[in-house]
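The residues making up each chain are set out below.
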Amino acid sequence: MSVLIRGGRIVTAADDYIADLFIEDETISLIGESLDLAADRVIDAVGKYVLPGCVDPHTHLDMPFGGTVTIDDVEAGQTSAAFGGTTCHVDFVIQPQGHTFAAALEEWRSKATGKQVIDMGYHMAVTDLENGGTLEELATLPEQGVTSYKLFMAYKGALMVDDETLFETMEVASKTGALVMVHAENGDVIDVLVRQALAAGNTEPLYHALTRPPEAEGEATNRAIQLAHFAGAPHYVVHVTCKEAVEPIAQARDKGWDVWGETCTQYFFNSLDDIAKPNFEGAKYVYSPPVRDKSNWEILWNAVRTDVLSVISTDHCAFLFD
């Protein structure tokens, strides 16, 4: 199929100009002024920007968690993404306890069968190397198109792995060339703080944030970076929220280490003021890592401008608010 986009505004790293684009089989083959070409579809883009499709590298569609399932299945999530200009995303396969990686990947792929409307890929979340997957099986995943491993340093008793699992996975990644992605929060510290808050009767939504302080994120970020460097694995810190996590990423990148950081749209606009809203309205802003003080907004914007944080994702993980 061919598409001719006429008169759109195109902005590149070097230029800003009005032009036509001719696309053949999803590939831009020609850019020029007043192109005289026949096309299966012609789009009038006068007065509009012409942008490439966005890639969201961090989503959770149709994912079981905490006794429920995220509200968007593959069809609903991808349809919404397409209307917003996202044409590709990478979803997380969550390895169930006691299941092999192959079984987990097959389950997640089956969720997309007959429902996929845009391009997608998968990361593998490693949760069980004792009774489920093995390091040997993990090493074969890049051959199946899964070139990134995700590990959780939080959610104790559910998804959290210990440092042994973290480091062994990193060693596999150093051999396979896979990327190690880490949810960096100190789950043990959070568990203590949560128990203390519950014992004191502090159950308002605000305490979700207060029991997950920026120091817990900063410590885990630095620990994961050091372990990945020692293992020789490329390392990607997901959903960075605060100064305490930005700083160790900046230091590692200054040293030339293979470390990248990602943040998410919500951390630029939401803050502790939102999660502190009365009458349980603050629950609409509960996610992990949590919202932070507004002082972190400019830190994140500057980190993106200076490529300390190289990626902006959504971490789309939607639940109903009843």
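No experiment lies behind these values; they were computed from the predicted model shown. (Residues numbered from 1 in each chain as written. Predicted model: local features only at pLDDT ≥ 70, side-chain atom pairs only at ≥ 80, totals over all residues. Heavy atoms only, no water.)

**What to know about the packing of helix α4 (residues 163-176) against helix α7 (residues 214-231)**
Our working definition: The convention used is that axes are lines fitted to C-alpha atoms, helices contributing only their stretch in contact, and that angles between N-to-C directions extend from 0 to 180 degrees. To qualify as a helix, a DSSP run of H or I must reach at least 4 residues; to qualify as a strand, a run of E must reach at least 2; elements of each kind are numbered from the N terminus. Each angle receives one of four descriptions, namely roughly parallel if under 35 degrees, roughly antiparallel if over 145, roughly perpendicular if within 65 to 115, and oblique otherwise. By convention the crossing between two helices is left-handed if the near helix lies anticlockwise of the far one by an angle smaller than a right angle, and right-handed if it lies clockwise. Contacts are residue-level and defined by heavy atoms, with any inter-residue pair within 4.5 Å sufficient. Amino acids outside the nonpolar list (Ala, Val, Leu, Ile, Met, Phe, Trp, Tyr, Cys, Pro) and the charged list (Asp, Glu, Lys, Arg) are all regarded as polar, and Gly is one of them.
Running from N to C, α4 and α7 cross one another at 40°; their axes reach a closest spacing of 9 Å. Viewed along their axes, α4 and α7 adopt a mutual orientation that is oblique. At the point where α4 passes α7, the crossing takes the right-handed sense. In this structure, α4 contributes Asp-163, Leu-166, Phe-167, Met-170, Glu-171 and Ser-174 to the contact, and α7 contributes Arg-223, Ala-224, Leu-227, Ala-228, Phe-230 and Ala-231. Within the contact of α4 with α7, the residues separate by chemical class into eight nonpolar, one polar and three charged.

**So, the environment of Val-90**
What counts here: Think of it in three bands: residues with accessible area under 20% of the maximum for their type are buried, residues over 50% are exposed, and the middle band is partly exposed, with areas taken using a 1.4 Å probe on protein chains only.
Structurally, the position occupied by Val-90 is in strand β8 (residues 86-94). Judged by relative accessible area, which is 17%, Val-90 ranks as buried. Each C-alpha atom of the pair Val-90 and Gln-196 lies 37 Å from the other, and the pair is 106 residues apart in sequence. Those residues in contact with Val-90 that lie beyond four places of it in its chain are Asp-56, Pro-57, His-58, Thr-59, Gly-121, Tyr-122 and His-123.

**Describing the pattern of salt bridges**
What counts here: Within this document, salt bridges are pairs made up of a side-chain nitrogen of Lys or Arg and a carboxyl oxygen of Asp or Glu, the two lying within 4 Å of each other.
This model, assessed by the stated rule, comprises 14 salt bridges. With its nearest N and O atoms 2.9 Å apart, the salt bridge here joins Lys-156 to Asp-188. Of this pair, Lys-156 sits in the loop between β10 (148-152) and α4 while Asp-188 sits in helix α5 (residues 187-199), and the two are 32 residues apart along the sequence. Taking the relative accessible area as the measure of exposure, Lys-156 reaches 49% and is therefore partly exposed. Arg-195 serves as the salt-bridge partner of Asp-191, at 3.3 Å between the closest nitrogen and oxygen. Of this pair, Asp-191 and Arg-195 both sit in helix α5, four residues apart, which is roughly one turn of that helix. Exposure remark for Asp-191: the relative accessible area of 26% places this residue in the partly exposed category. It is possible to trace a salt-bridge network through shared partners that takes in Asp-163, Glu-219 and Arg-223.

All quantities given are derived from atomic positions and should not be read as evidence of function.
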